[in-house]
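Notes for the structure review
These are the residues of each chain, in order.
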Amino acid sequence: MKIKHVLGLSGGKDSAALAIYMREKYPEIDIEYFFTDTGKELPEVYDFLAKLEGFLGKQIKYLYQDEGRDFDHYLDLYNYFLPSPQQRWCTIMMKLKPFERWAKSFVKEGYKVIQYVAIRSDEEFRTGYTPKGTDIETKLPFREDGVDKQGVIDILENSSVGYPKYYEWRSRSGCTFCFFQQKIEWVNLKERHPDAYEEAKFYERQAIAGKAPFTWTQGETLDELEHPDRVAQIKADFEKRKARSESSRQENPLRKGLLVDLDELYLDEEGNGACLICHK
Ligand code: SF4
């Protein structure tokens, strides 16, 4: 039977590390890399993927471009209601379905599809997504080979790829306006990518005018969040949490000065629910 090996990249560190790992440890496996592009990604994500392409020596397939459907297309379809953790149409329509259609096209051609998912050995609670009605096989090489979070850091640091640049100010990949984003990340988005912040405001105002129940971030609009007093408060809260997290962390003398793991910080304090396909 013909076999198609596929590996989805989110623009985040774990899936990138898995691509590097597979290339180095299993060079005999011919893998197709894909990225489900919503058209609303950070420029840093594209830069990072381009760097990764250079390392892998292989083009990454951007799925939405084939589909011709992006966020604006679906927002229109959903009556301008913003996606939210409760109504997560964005992930379903822009990430899972394009992957499903793409994978099924291989199945139709007589391939067995094996997908490689970047779930680490320290993430026992997680499972990979397998499209319904397919017999796509999911493999978790990091879990099987005992690669944990530190292992992922080592893989990235020891390659020429390194970290995505957005880790300086944001904890995860995904859309510029992702609702899993934390308050401090919205502030950072406004400072780093004011156009993207303005665009998110536009979508939000449109949703509110249509009486949609959700704003992008809990309990306030982006117009309220950008008020200078509110920005100062969010920054002060963040600094306090960072200091608390750093004082409770045991410093590894070999890793002095390593970037603060914002992801852990956010998970602890502001809740989480981000999905593998967008952020891993
Ligand atoms: S990154 Fe966020 S907004 Fe974008 S598809 Fe994923 S969950 Fe939705």
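In this report, the structure presented in the accompanying data block is examined.

What counts as what
Residues numbered from 1 in each chain as written. Predicted model: local features only at pLDDT ≥ 70, side-chain atom pairs only at ≥ 80, totals over all residues. Heavy atoms only, no water. Pairing = 2+ DSSP bridges. Helix = DSSP H or I, 4+ residues; strand = E, 2+ residues; numbered from the N terminus. Contact = heavy atoms within 4.5 Å. Axes fitted to C-alpha atoms, helices over the stretch in contact; angles between N-to-C directions. Parallel < 35°, antiparallel > 145°, perpendicular 65-115°, else oblique. Left-handed = near helix turned anticlockwise from the far one by under 90°. Nonpolar A, V, L, I, M, F, W, Y, C, P; charged D, E, K, R; others polar. Near = heavy atom within 4 Å. Buried < 20%, exposed > 50% of the residue type's maximum accessible area, 1.4 Å probe, protein only. Polar contact = N/O pair within 3.5 Å; in protein donor to acceptor, adjacent residues only side chain to side chain. Phe/Tyr/Trp six-rings, centres within 6.5 Å; stacked < 30°, edge-to-face > 60°. Lys NZ or Arg CZ within 6 Å of the ring centre and 35° of its normal.

It is worth spelling out the sheet that holds strand β1 (residues 2–8) at this point. With parallel pairing, the five strands of this open sheet are ordered in space as β3-β2-β1-β4-β5. Looking at the sheet topology across the chains shown, the edges are occupied by β3 (61–62) and β5 (137–139). Across two bridges, the pairing between strand β2 (residues 31–35) and β3 is parallel. From the neighbouring strand, F35 faces β3, where its bridge partner is Y62. Strands in contact with helix α1 (residues 13–25) are β1, β2 and β4 (111–116); relative to β1, the strand with the most contacts, it is inclined by about 140°. Along the sheet face, helix α5 (residues 89–108) touches β1, β2, β3 and β4 and points at about 145° away from the line of β4.

Our next topic: the packing of α1 against helix α7 (residues 149–158). Remark: α1 packs on α7, axes separated minimally by 9 Å, with the N-to-C direction vectors making an angle of 65°. In this view, α1 runs roughly perpendicular relative to α7, as classed from their interaxial angle. Considering only the axes of α1 and α7, their crossing is left-handed. In this structure, α1 uses K13, D14, A16, A17, I20 and Y21 to contact α7, whose residues at the interface are V152, I155 and L156. A class-by-class count of the residues in the contact of α1 with α7 yields seven nonpolar, no polar and two charged.

This brings us to the site of the ligand. By nearness alone, every residue bordering the ligand is listed as R88, C90, T91, G174, C175, C178, F179, F180, C278 and H279. Looking at the shell around the ligand, the elements that each hand over two or more residues are α5 and α13 (276–279). Its residues assigned to classes, the shell around the ligand comprises six nonpolar, three polar and one charged.

Checked against the element boundaries, E168 lands in the loop between α7 and α8 (183–192). Judged by its relative accessible area of 49%, E168 is partly exposed. Measuring from C-alpha to C-alpha, the distance between E168 and N188 comes to 9.8 Å, with 20 residues separating the pair along the chain. Within polar-contact distance, the side chain of E168 engages the side chain of K165 at 2.5 Å.

Using the criterion set out here, one finds 21 aromatic pairs in the structure. Between the aromatic rings of F34 and W102, the centroid separation amounts to 5.0 Å while the plane-to-plane angle is 50°, which identifies the pairing as tilted. Taken together, the residues span a long stretch of sequence, with F34 in strand β2 and W102 in helix α5 at a distance of 68 residues. Here the aromatic rings of Y46 and Y62 are separated by 6.2 Å at their centres, their planes lie at 20°, and the arrangement is stacked. Of this pair, Y46 sits in helix α2 (residues 43–56) while Y62 sits in strand β3, placing them 16 residues apart in sequence. The exposure class of Y46 is partly exposed, given its relative accessible area of 26%. Of the aromatic side chains, those joined through ring pairs into one cluster are F71, Y78, W89, F177, W186, Y197, F202, Y203 and W216. Residue placement shows K2 over the ring face of Y111; its charged tip is 4.4 Å from the ring centre. In this arrangement the basic side chain of K4 is found over the ring face of Y111, its NZ or CZ atom lying 4.5 Å from the centre.

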